[in-house]
Amino acid sequence: MILLFREFSSRSVSDRVAMSIVLLIIVALSPMTVFRYLQGNYPMMIIDFGLIVVACLSLVFLYLNQYGNYIKGIIGVALACGMVLASYYGSDATLYWLFPGTLGIFSMLQPRRALVLLICMSSALLPVLSNKTSLDTIFVLTATLGASIFFVYYFVRELQLRFEQLNTEAIEDYLTQTGNRRAFHRDAEQCISAKLKNQSATALIVFDMDYFKRLNDSYGHGVGDQVLKESTRLMSKRLRRTDKIYRLGGEEFGILMKNCSLDDGLVLARDLREFVAENRSDKLPPYTMSFGVAELSEGESVTDWVERADKALYASKDAGRDKITAAK
Ligand SMILES: Nc1nc2c(ncn2[C@@H]2O[C@H](COP(=O)(O)OP(=O)(O)OP(=O)(O)O)[C@@H](O)[C@H]2O)c(=O)[nH]1
């Protein structure tokens, strides 16, 4: 139980909602199943028992963190079907469960998927209800349920868009739209974990604009900004999908190259330097960059890795700039 609670606290909101729903289903429906059996209400007993079995299996998969999206989809569909069946076999009071059920589905699934599922559920409810309740009730239920689905959809969609926007702002550099230092540290830590797991090599290229203070002083900060934007845009065009560029601070950038050795990193750094030199805009003053390349070593921390690459970068500066140096 303690393990389950710890796992629960470390999970995303949608995982927690999914786990809560399945736990709630198990806890609430277990005594209900016995009660239905004693009442002789066998159809409802079978529905409840089926839901408990699906809930237990789902909880196991959610706990193991496997097939999370599929499981949440299955829980959503099971919940929707359960609500339709319960509306048919249960008393009129059962219909109140349609509202928390709707919220549960929205909290677990992507808003669009939840909307489609709930529209299907509502469509299935109409013929089910027409057999057992008055036209008045059907009308009020359809209107209130439809309005709830509509409002919750727009609320959740808005939240999701804002969350995505905040998430992007938290890991992206505003000026160059490259990853920021926070994103770099997160991804570099992942590279270290990958190396520990399967020995996959990662190269880090750091580069820094040459004589950038002079460029700023001569042409203004606006032009300096344009140079930073153009150079990183040109480089991004040249990178593979698995490579990513980050602004480490000021006019220093880093590129993480997954599954690449030191030699691969040196080849790419040369290619990037040439590509930028050949394609930079005539409207901007000429600019160059100095590079340092380091392959991640066994047992190395992010700080040590960057420090080695930085030392190589300083060696390029000392050698006259517009140079590439491999880290020792
Ligand atoms: N335009 C602009 N300038 C920046 C930005 N971030 C840092 N800088 C400037 O970059 C300059 C860096 O100067 P230095 O550290 O002396 O380096 P440098 O002039 O490039 O000299 P070397 O690196 O030795 O070639 C400073 O003048 C900073 O103000 C930015 O976002 N935009």
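Relevant structure appears above.
Just so it is clear, the structure is predicted and the values come from calculations on it, not from any experiment.

Participant: How should I be thinking about empty space enclosed by the protein in this particular structure?
Facilitator: One simple way to see leftover space: roll a probe sized like a water molecule over the atoms. In the structure shown here, the tally under the stated rule is 1 cavity of 30 Å³ or more. Taken as a whole, the largest cavity spans an internal volume of roughly 40 Å³. Around the largest cavity sit I25, L51, V54, A55, I75, A78 and L79, which together line it. Put simply, the parts of the chain that give the lining of the largest cavity at least two residues each are α3 (42-63) and α4 (68-89). Grouping the constituent residues of the lining of the largest cavity by class yields 7 nonpolar, no polar and no charged.

Participant: Would you take a moment to explain the pairing of strand β4 (residues 289-295) for this structure?
Facilitator: Moving residue by residue along a regular strand, the side chains alternate between the two faces of the sheet. Buried residues dominate β4, accounting for 6 of its 7 residues. As paired elements, strand β1 (residues 202-209) and β4 share 7 bridges and run antiparallel to each other. Following the sheet pairing, F207 is matched in β4 by F291. Direction of pairing for β4 relative to strand β5 (residues 324-326): parallel, over a ladder of 3 bridges. Among the inter-strand pairings, V293 is bridged to a residue of β5, identified as A326. The β-α-β motif built from β4, the intervening helix α12 (residues 302-318) and the parallel element β5 has left-handed crossover chirality.

Participant: Please explain α3 as it appears in this structure.
Facilitator: Three- or four-residue spacings in an α-helix give side chains the same orientation, since the helix completes a turn every 3.6 residues. For α3, with 22 residues, the first-to-last C-alpha span of 31 Å sits near the 32 Å given by 1.5 Å per residue. What α3 keeps buried is the set M44, M45, I47, D48, L51, I52, A55, S58, L59 and L62. Take α3 and look down its axis: the buried residues cluster within an arc of 155°, on one side only. Set apart from the buried face of α3 by more than 90 degrees, the exposed residues are I46 and L57. The secondary structure elements touched by the buried residues of α3 are α2 (13-39) and α4.

Participant: Teacher, can you tell me more about the pattern of salt bridges here?
Facilitator: Taken as a whole, this structure holds 13 salt bridges when the rule is applied. One salt bridge connects R247 with D173, and the closest N-O pair in it is separated by 3.2 Å. Here D173 lies in the loop between α7 (135-171) and α8 (181-198) and R247 lies in strand β2 (residues 244-249), a separation of 74 residues in the sequence. Here R240 and D243 are joined by a salt bridge, their closest N and O atoms 2.7 Å apart.

Participant: For this particular structure, what's the right way to read the nonpolar core?
Facilitator: Nonpolar side chains tend to gather and get buried jointly when the protein is soluble and globular. Formed by 43 residues in total, the largest nonpolar core has its most connected members in I75, L98, I105, F106 and M121. For this core, the secondary structure elements donating two or more residues are α2, α3, α4, α5 (98-108), α6 (111-130) and α7. If near-sequence neighbours (up to four positions away) are discounted, M121 is found in contact with A80, M83, V84, L98 and L145. Among the nonpolar cores identified, the runner-up in size contains 27 residues, and F212, V227, L268 and V276 belong to it.

About the cut-offs
Residues numbered from 1 in each chain as written. Predicted model: local features only at pLDDT ≥ 70, side-chain atom pairs only at ≥ 80, totals over all residues. Heavy atoms only, no water. 1 Å grid on protein atoms, 1.4 Å probe; cavity = no way out; pocket = protein on both sides within 12 Å on 5 of 7 lines; lining within 4 Å. Points joined across faces, edges and corners; volume = space filled by probe spheres on them. Helix = DSSP H or I, 4+ residues; strand = E, 2+ residues; numbered from the N terminus. Nonpolar A, V, L, I, M, F, W, Y, C, P; charged D, E, K, R; others polar. Buried < 20%, exposed > 50% of the residue type's maximum accessible area, 1.4 Å probe, protein only. Pairing = 2+ DSSP bridges. Right-handed = clockwise from strand over helix to strand, strands pointing away. Expected span 1.5 Å × (residues − 1). Arc of directions from axis to C-beta. Contact = heavy atoms within 4.5 Å. Salt bridge = Lys/Arg side-chain N within 4 Å of Asp/Glu carboxyl O. Core = buried A, V, L, I, M, F, W, Y, C linked by side-chain atoms within 4.5 Å.

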